[in-house]
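# Structural overview for review
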Amino acid sequence: MPHLLIAGKLHPSGEALLEDLKTQGVTIDYVEEVSEESYAGLIHKADAMVIRTQPLSALSIAKAERLKVVSRHGVGYDSVDVSALNERQIGLTIVGDVNSISVAEHAMMQLLAAAKRVLSADHSVREPSGWNWRNRLEQREISGKNLLIIGFGRIGRHLARMATGFGMTIRAYDPYLFENGWPEGNVAPVATLDEGLEWADCISIHIPKSDTPLIGAREFAKMKDGVIISNTARGGVLCEKAFGDALSNGKVGAAGIDVFDHEPPSEPLPYFTNDNVVLSPHIAGLTNECGERMAISAIENALNFLNGTIDPNLVVNRQISMSKSIPA
């Protein structure tokens, strides 16, 4: 029977599944702390690993003498050294479509909260002299506004459906879909990012992280003054310095930010004191319902990879050999 390493706190339903697996003879190391150091002394024993958001570096992978699969508790894997996994013929799996609704809801919340200036409104009631803030008319409507969705996968499409209910005009930027077949529906594509940035009143970001930020000083300069931005994608997609500058000079009117270059941030960023920015600790996909689905799926993916029944669509590095599979 396999030995599992669980790196990161799981939903209680996931913990219950682990207890059931123990009765079947599966052995488990469960480390709730989210850091690479916390599991470093255990990875050498693991046949399979379930990992949350902490890094998995080449150094740790080199210690994983028995490891055959890493199962991500989520859909992103920018903190995992995929090249090092490939060199060792270790599989990498993701949970598939279990969090798209949760993330889309969070993005919709950020757009609304930013437009309605909820932090300023809240403070105006709690502070004795703040009530007259209401007369400054800082709140904005989103109905009839232009929404650019950057990345038009499952999350982006759910968001488009939600935003349609608020009467927004929606376009999307997704170069892969633009070249390979745009999905049916009422959301029109933009051919270039610049075209979309110049058109948008609101922008929501839903693309993977790359080597350089997609949105930097040049891209902010293309935007309308007072634009509203939501980022639930990954830290590094939006240049934090350029974002802070754009917020200070009024190019960005308000924003919702769920992801950061360093998580948790090593020090407060300049815009942390700005009431026009709604912040959250990378929780867009961490509703109770989604947490349950991710925990169970991540455990099942690890076991299914080992016994050779994994859905190939959930394997990131499909080119690797699955010949090391052992009965789960």
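### Examining the packing of aromatic side chains
As enumerated under the stated definition, the model contains 5 aromatic pairs in all. Taken together, a centroid distance of 4.9 Å and an interplanar angle of 85° make the contact between Phe 243 and Tyr 271 edge-to-face. Of this pair, Phe 243 sits in helix H11 (residues 240-248) while Tyr 271 sits in the loop between strand E11 (252-257) and strand E12 (277-279), and the two are 28 residues apart along the sequence. For the pair formed by Phe 243 and Tyr 271, the shared burial category is buried.

### Some remarks on the pairing of strand E3 (residues 48-51)
Neither face of E3 is left uncovered, since the one carrying Ala 48 and Val 50 and the one carrying Met 49 and Ile 51 both have all their residues buried. Looking at chain direction, strand E1 (residues 3-7) and E3 are connected through 4 bridges and run parallel. Residue pairing in the sheet places Leu 4 in a bridge with Ala 48 of E3. Across 4 bridges, the pairing between E3 and strand E4 (residues 69-72) is parallel. The residue bridging Ala 48 from the neighbouring strand is Val 69, located in E4. Since E3 and E4 lie parallel, the crossover through helix H3 (residues 58-63) that links them has a hand, and here it is right-handed.

### A closer look at the pairing of strand E9 (residues 202-205)
The alternating pattern of E9 places Cys 202 and Ser 204 and Ile 203 and Ile 205 on opposite faces, both of which are buried. Pairing analysis gives 4 bridges linking strand E6 (residues 146-150) to E9, with the strands arranged parallel. Bridged to Leu 148 within E9 is Ile 203. Note on the crossover from E9 through helix H10 (residues 217-222) to strand E10 (residues 227-231): the handedness is right-handed.

### Points about helix H1 (residues 12-23)
With 12 residues, H1 should cover 16 Å at 1.5 Å per step; its first-to-last C-alpha distance of 17 Å lies within 8% of that length. What H1 keeps buried is the set Gly 14, Leu 18 and Leu 21. The arc that holds every buried residue of H1, seen down its axis, measures 60°, which confines them to one face. Residues of H1 that are exposed and point more than 90 degrees away from the buried face comprise Pro 12 and Thr 23. Packed against the buried residues of H1 are E1, strand E2 (27-31) and helix H12 (288-306). Of the residues flanking the end of H1, it is Gly 25, one or two places downstream, whose phi is positive at about 100°.

### Brief notes about the packing of helix H5 (residues 100-116) against helix H7 (residues 154-164)
Running from amino to carboxyl end, H5 crosses H7 at an angle of 50°, the nearest separation of the two axes being 8 Å. Considering the angle they form, H5 stands oblique to H7. In this structure, the crossing between H5 and H7 has a hand that is right-handed. In this structure, H5 uses Ser 100, Ile 101, Val 103, Ala 104, Glu 105, Ala 107 and Met 108 to contact H7, whose residues at the interface are Arg 154, Ile 155, His 158, Leu 159, Arg 161, Met 162 and Ala 163. Classifying every residue of the contact of H5 with H7 gives 9 nonpolar, 2 polar and 3 charged.

Cut-offs applied
Residues numbered from 1 in each chain as written. Predicted model: local features only at pLDDT ≥ 70, side-chain atom pairs only at ≥ 80, totals over all residues. Heavy atoms only, no water. Phe/Tyr/Trp six-rings, centres within 6.5 Å; stacked < 30°, edge-to-face > 60°. Helix = DSSP H or I, 4+ residues; strand = E, 2+ residues; numbered from the N terminus. Buried < 20%, exposed > 50% of the residue type's maximum accessible area, 1.4 Å probe, protein only. Pairing = 2+ DSSP bridges. Right-handed = clockwise from strand over helix to strand, strands pointing away. Expected span 1.5 Å × (residues − 1). Arc of directions from axis to C-beta. Contact = heavy atoms within 4.5 Å. Axes fitted to C-alpha atoms, helices over the stretch in contact; angles between N-to-C directions. Parallel < 35°, antiparallel > 145°, perpendicular 65-115°, else oblique. Left-handed = near helix turned anticlockwise from the far one by under 90°. Nonpolar A, V, L, I, M, F, W, Y, C, P; charged D, E, K, R; others polar.

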